[in-house]
Structure formats: C-alpha cells, structure tokens
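# A closer look at the structure
Spelled out from the first residue to the last, the chains are:
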Amino acid sequence: MTDTSTRYLYLARHGEASADETALTESGRRQAVLLGERLQSTPLSAIYHGPLPRAQQTAQLIGAQLDAVPLHQSEPAGDYIPYLPTKEELPPDSAEAMLGFLAQVPEEERNLGPALAREALAAFTGPVDGDRPRHELVVTHNFLIGWLIRAALDAPAWRWMGLNHGNAALTAIRYAPGRPSSVLFYNDMRHLPAELRWTGFPPELHI
C-alpha cells in the first residue's frame, strides 16, 4: 500500500489585467510581487499556471520572489466554464440570470470546460503519494477557484457560480488522508494595501 500525505493547495487569481487582457496592469504587477513576498515562508514545491498571459505573468512575478520554485504551464489551470448546470439545478429566483450569463460564453468554450475541470480535480486535489506533505500553488482564474472551493465543500456542481475571488488574493485548501478536505482560508488579501484590494470585483461587492 502506498503511503499518502497531506496536500496544501494554494489558489491565486492572476493580478489585475489590462482591458484587452493581454498583460498585467502596473497594479497587477504590484499585486503579484506582493503575493510572492507573502509566500516566501511557504515551502512550495511547484507553481502551476494557466496558459493565458495574465496568469503566466502573475506566476513569473510570484516565482521571482521565491527560491527556485519551478513553474509549470497547465491547461487545466486555465480560464473556462467548469460545469454547465440545467435550469432545474439552479435556484428558481436566479436561474434565468445565471443561464443568461453562461449563454454569453462561446459554445466551443462551454463544451471544452467540463473535461478540463475534471482534469483539474485529478491533478490538483486530494492527498499526495509519499510520506511528506506537499505545498503547491495554482495561479488561475475566478471560475476554477470557485470550482475547486465548491468541490472541497462537497457543494452542488453548479455552486462554482457566485464565488468571486480578488486579483492576487490567496485561498488555501488542505487535503489530509482520511479526512474531509478543509478550506483553511478564502480570498485573503492581507498582503495587499487597501488600494490594491478588491480589484476584479464589481463595486457592489467591495466591503
């Protein structure tokens, strides 16, 4: 029987991006550097990031603050719709709005997302082989973070919707052998000054 150990999964949304999403803004670069500085005391073994420039640049800036932590590009860490709910699954008072939002996403993207979401669960969640705990960072996008939080809490599959994550905020999930997964903290912005917090959120969600 193979020994398994605890996985600590850290999730970060990319830094604030330019309007065309091809690069980070100056604020986004500052956010990424500050997140990297916060993670200097975390024994990360790897950083995974999605293929889009805003995630790749964020991961590189984080990695530059750390001591030779390898970076890996990962399609399952990308930006996609992880699950397409039916109207019957959704709360009646919000179903139309939620389905209307999903309908804006191109059909090809909607069709590809669920398979990538299953790959993400297989790659990034659960205990790890071996006798030592492992700490990993995934630099990704809002939807995947919502999907992984939902899975950690055994919430219904549609419940990735409605979970919002700030740019360069940090979430941590613990997967221990023989224990339920545990969300240790979510959307933590303590490493960011006030002017760099809550980017990526609509104004009505700023608190």
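Heads up: the structure comes first, above all this text.
Looking only at helices and strands, the protein features five helices and eight strands. Helices and strands in the protein line up, N terminus first, as β-β-α-β-α-β-α-α-β-β-α-β-β. Since a compact globule built from 207 residues should have a radius of gyration of about 17 Å, the 17 Å found for the protein is in line with a globular shape. Seen along its three principal axes, the alpha-carbon backbone of the protein occupies a region of about 50 × 45 × 30 Å. Put simply, the protein has 207 residues, and 45% of those count as buried. Surface accessibility of the protein: about 10,300 Å² in total, with carbon and sulfur atoms responsible for 51%. When the 17 basic and 24 acidic side-chain charges of the protein are each reduced to a single mean position, those positions are 6 Å apart.

Below, the discussion takes up the sheet that holds strand β3 (residues 44-49). If you trace the six strands from one edge of the open sheet to the other, you get β4-β3-β6-β2-β7-β8, paired in mixed fashion. Looking along the sheet, the strands with just one partner apiece sit at the ends: β4 (71-73) and β8 (182-188). Geometrically, the sheet is characterised by an average inter-axis angle of 20 degrees between neighbouring strands, direction not taken into account.

Between helix α1 (residues 26-38) and helix α2 (residues 53-64), whose axes approach to 7 Å, the crossing angle comes to 40 degrees. With respect to α2, the element α1 is oriented oblique. Crossing hand, α1 versus α2: right-handed. Side by side, α1 and α2 meet where R29, A32, V33, L35 and G36 of the first sit next to T58, L61 and I62 of the second. Residue classes in the contact of α1 with α2 are distributed as five nonpolar, two polar and one charged.

Turning our attention to α2. Helix length check: α2, at twelve residues, gives a terminal C-alpha distance of 16 Å against a target of 16 Å (1.5 Å per residue), a fit within 8%. Along α2, the residues that are buried comprise R54, A55, T58, A59, I62 and G63. Buried residues of α2, viewed axially, fall in a sector of 160 degrees; they line one side.

Moving on, we get to the layout of surface pockets. The calculated volume of the largest pocket comes to roughly 230 Å³. Contributing elements (two or more residues each) for the lining of the largest pocket: α3 (95-103) and α5 (142-152). For the lining of the largest pocket, a count of residues per class yields seven nonpolar, three polar and one charged.

Calculation rules
Residues numbered from 1 in each chain as written. Predicted model: local features only at pLDDT ≥ 70, side-chain atom pairs only at ≥ 80, totals over all residues. Heavy atoms only, no water. Helix = DSSP H or I, 4+ residues; strand = E, 2+ residues; numbered from the N terminus. Rg over C-alpha atoms; globule rule 2.2 N^0.38 Å. Buried < 20%, exposed > 50% of the residue type's maximum accessible area, 1.4 Å probe, protein only. Areas by Shrake-Rupley, 256 points an atom, 1.4 Å probe, with all protein chains shown as cover. Lys, Arg positive; Asp, Glu negative; His and termini not counted. Charge placed at Lys NZ, Arg CZ, Asp CG, Glu CD. Pairing = 2+ DSSP bridges. Axes fitted to C-alpha atoms, helices over the stretch in contact; angles between N-to-C directions. Parallel < 35°, antiparallel > 145°, perpendicular 65-115°, else oblique. Left-handed = near helix turned anticlockwise from the far one by under 90°. Contact = heavy atoms within 4.5 Å. Nonpolar A, V, L, I, M, F, W, Y, C, P; charged D, E, K, R; others polar. Expected span 1.5 Å × (residues − 1). Arc of directions from axis to C-beta. 1 Å grid on protein atoms, 1.4 Å probe; cavity = no way out; pocket = protein on both sides within 12 Å on 5 of 7 lines; lining within 4 Å. Points joined across faces, edges and corners; volume = space filled by probe spheres on them.

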